[in-house]
Amino acid sequence: MARKKIIAGNWKMNMTPSQAVALVNELKPLVENKEVDVVFCVPAIDLIPVIEAAKGSNIQIGAENMYFEEKGAYTGEISAEMLVDAGVKYVIIGHSERREYFAETDETVNKKVLQALKHKITPIICCGESLTQREQGITIDWIRQQIKIAFLQVTAEQAATTVIAYEPIWAIGTGKVATTEQAQEVCKAIRECIGEIYDAQTAAAIRIQYGGSVSAASAPELFAQEDIDGGLVGGASLKPDFGKIVNYK
Ligand code: 13P
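Residues numbered from 1 in each chain as written. Predicted model: local features only at pLDDT ≥ 70, side-chain atom pairs only at ≥ 80, totals over all residues. Heavy atoms only, no water.

Looking at this structure, how should I read the overall build of the protein?
Looking only at helices and strands, the protein has 12 helices and eight strands in total. Expected size for 249 residues packed as a compact globule is a radius of gyration near 18 Å; at 17 Å, the protein falls within 12% of this value. In terms of its C-alpha atoms, the protein occupies a principal-axis envelope of roughly 45 × 45 × 35 Å. If you take every contact in the protein between residues at least 6 apart in sequence, the share linking residues at least 24 apart comes to 74%. Taken as a whole, the protein presents about 11,400 Å² of accessible surface, with 54% of it coming from carbon and sulfur. In the protein, which carries 25 positive and 32 negative side-chain charges, the distance between the mean positions of the two groups comes to 3 Å. (Helix = DSSP H or I, 4+ residues; strand = E, 2+ residues; numbered from the N terminus. Rg over C-alpha atoms; globule rule 2.2 N^0.38 Å. Contact = heavy atoms within 4.5 Å. Areas by Shrake-Rupley, 256 points an atom, 1.4 Å probe, with all protein chains shown as cover. Lys, Arg positive; Asp, Glu negative; His and termini not counted. Charge placed at Lys NZ, Arg CZ, Asp CG, Glu CD.)

Below you can see the structure in the form of structure tokens.
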């Protein structure tokens, strides 16, 4: 079964609302490609103007985070219901920067994944090892643990609709992209792990992205790997280069 590639930008904490609208207008003609899903994950304050600016284009919009509770006294947080009402289709969950700077854990990632799925938002679930872990040879064990906890109580039917982003922490924002062999090896292991938790059909359906210094130069080889179904792109998603990444073939 052919999986549709999904190429997503993660803008991180960049772009004011007016800058965001200008960037969408600039990138809109460059990211046209019916063969792939194109997603812009943008800061919460940019979501509504970006959704408006992207109307009529192939760009779908994602958030960079959300909270796992339904509503209430959680000052500063944004709920799944708010995202849905604004027209958001995807949400990044458990990015390594949120784990590092905002105390996210595998447990909070799992709660957020369940909440996103409950509201029919597609979670882009992030996992990845540090350089120390890679050097210790525990990459696959670590990633398998992250995946197993992230998917607790998620049904097979739900799991098949999710997206996993494998982002080695040492490759994020460093210009040090993982080799295609390293990226493929881990993405394959993630798919096997999903196969163990669920079944072969779910493993074949789930989409797994690579993220970490993806560029117009590295995208074609990465995205040609059997288990890599696209990318989660940071820095290069803020530039016209993103059009080249989306049209990597
Ligand atoms: P860079 O592409 O800037 O390395 O960022 C990757 C990333 O963290 C995407 O979520």
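Could you clarify how one ought to interpret the site of the ligand in this entry?
What surrounds the ligand is a group of 13 residues, the closest being K12, H95, E167, G173 and S213. In this structure, an oxygen atom belonging to the ligand sits 2.7 Å away from a main-chain N or O atom of S213. The contact in question runs from an oxygen atom of the ligand to an N or O atom on the backbone of G235, over 2.8 Å. Burial of the ligand by the protein amounts to 95% of the accessible area it has alone, namely 310 Å². (Near = heavy atom within 4 Å. Polar contact = N/O pair within 3.5 Å; in protein donor to acceptor, adjacent residues only side chain to side chain.)

Honestly, helix α7 (residues 139–150) in this entry has me stumped. Any pointers?
Every α-helix winds through 3.6 residues per turn, so residues three or four apart in the chain are directed the same way. Its 12 residues give α7 an end-to-end C-alpha distance of 16 Å, which sits within 8% of 16 Å, the value for a rise of 1.5 Å per residue. Buried within α7 are the following residues: T139, I143, Q146, I147, I149 and A150. Where the residues of α7 are buried, they touch α4 (96–101), α5 (106–118), β5 (122–127), α6 (131–136), β6 (163–166) and α9 (180–197). (Expected span 1.5 Å × (residues − 1). Buried < 20%, exposed > 50% of the residue type's maximum accessible area, 1.4 Å probe, protein only.)

Before we go on, may I ask you to explain unusual backbone geometry in this structure?
The phi angle of most residues is negative, glycine excepted, and most peptide bonds adopt the trans form. Backbone geometry at K12 places phi at a positive 55°, although glycine is not the residue there. Positive phi values are uncommon outside glycine, yet S213 reaches one of about 60°. Positionally, S213 belongs in the loop between β7 (207–211) and α11 (219–223). Taking the relative accessible area as the measure of exposure, S213 reaches 22% and is therefore partly exposed.

For this particular structure, what's the right way to read the pairing of strand β8 (residues 230–233)?
For a regular strand, side-chain orientation follows a simple rule: the groups alternate between the two sheet faces. Residues G230 and L232 line one face of β8 and the alternating positions G231 and V233 line the opposite face, and both faces are buried. Strand direction decides the pairing type here: strand β1 (residues 5–10) and β8, joined by four bridges, are parallel. Residue pairing across strands places I7 opposite G231, the latter belonging to β8. Here β7 runs beside β8; their pairing, made up of two bridges, is parallel. (Pairing = 2+ DSSP bridges.)

Quick question: what am I supposed to make of the environment of G173 here?
With respect to the helices, strands and loops of the structure, G173 is situated in the loop between β6 and α9. On a C-alpha basis, the gap between G173 and A236 in space is 9.8 Å, while along the polypeptide they are 63 residues apart.

Please explain the environment of D46 as it appears in this structure.
Within the secondary structure layout, D46 lies in the loop between β2 (36–42) and α2 (47–54). Relative accessible area serves as the criterion here: at 0%, D46 is assigned to the buried category. With 29 residues separating them along the chain, D46 and P17 place their C-alpha atoms 4.9 Å apart. Residues contacting D46, with those up to four places away along its chain left out, are W11, N14, M15, T16, P17 and A20.

When you look at the confidence of the model for the protein in this model, what are you seeing that I'm missing?
A low pLDDT score tells you not to read the predicted coordinates there in detail. Of all residues in the protein, 100% have pLDDT values of 70 or greater, and the mean over the chain is 97. Across the protein, the element-wise mean pLDDT spans from 96 in α6 up to 99 in strand β4 (residues 90–93). (pLDDT = per-residue confidence, 0-100.)

Sorry, what's going on with the nonpolar core here?
One recurring pattern in soluble globular proteins: nonpolar side chains tend to sit buried together. If you look at the biggest cluster of nonpolar residues, it comprises 65 residues, and the most contacted ones within it are F40 and F151. Each residue touching F151, except ones within four places of it in the same chain, is listed here: N110, I125, A159, T162, I164, I194, Y198 and I206. Residues A8, C41, A165 and L232 belong to the second largest nonpolar core, which totals 11 residues. (Core = buried A, V, L, I, M, F, W, Y, C linked by side-chain atoms within 4.5 Å.)

Where do I start with helix α1 (residues 17–27) in this structure?
Turning to α1, its buried residues number three or more, namely A20, L23, V24 and L27. The arc enclosing the buried residues of α1, seen along the axis, measures out at 100°, which places them on a common side. Structurally, α1 contributes buried residues whose contacts are with β2, α2 and β3 (59–63). (Arc of directions from axis to C-beta.)

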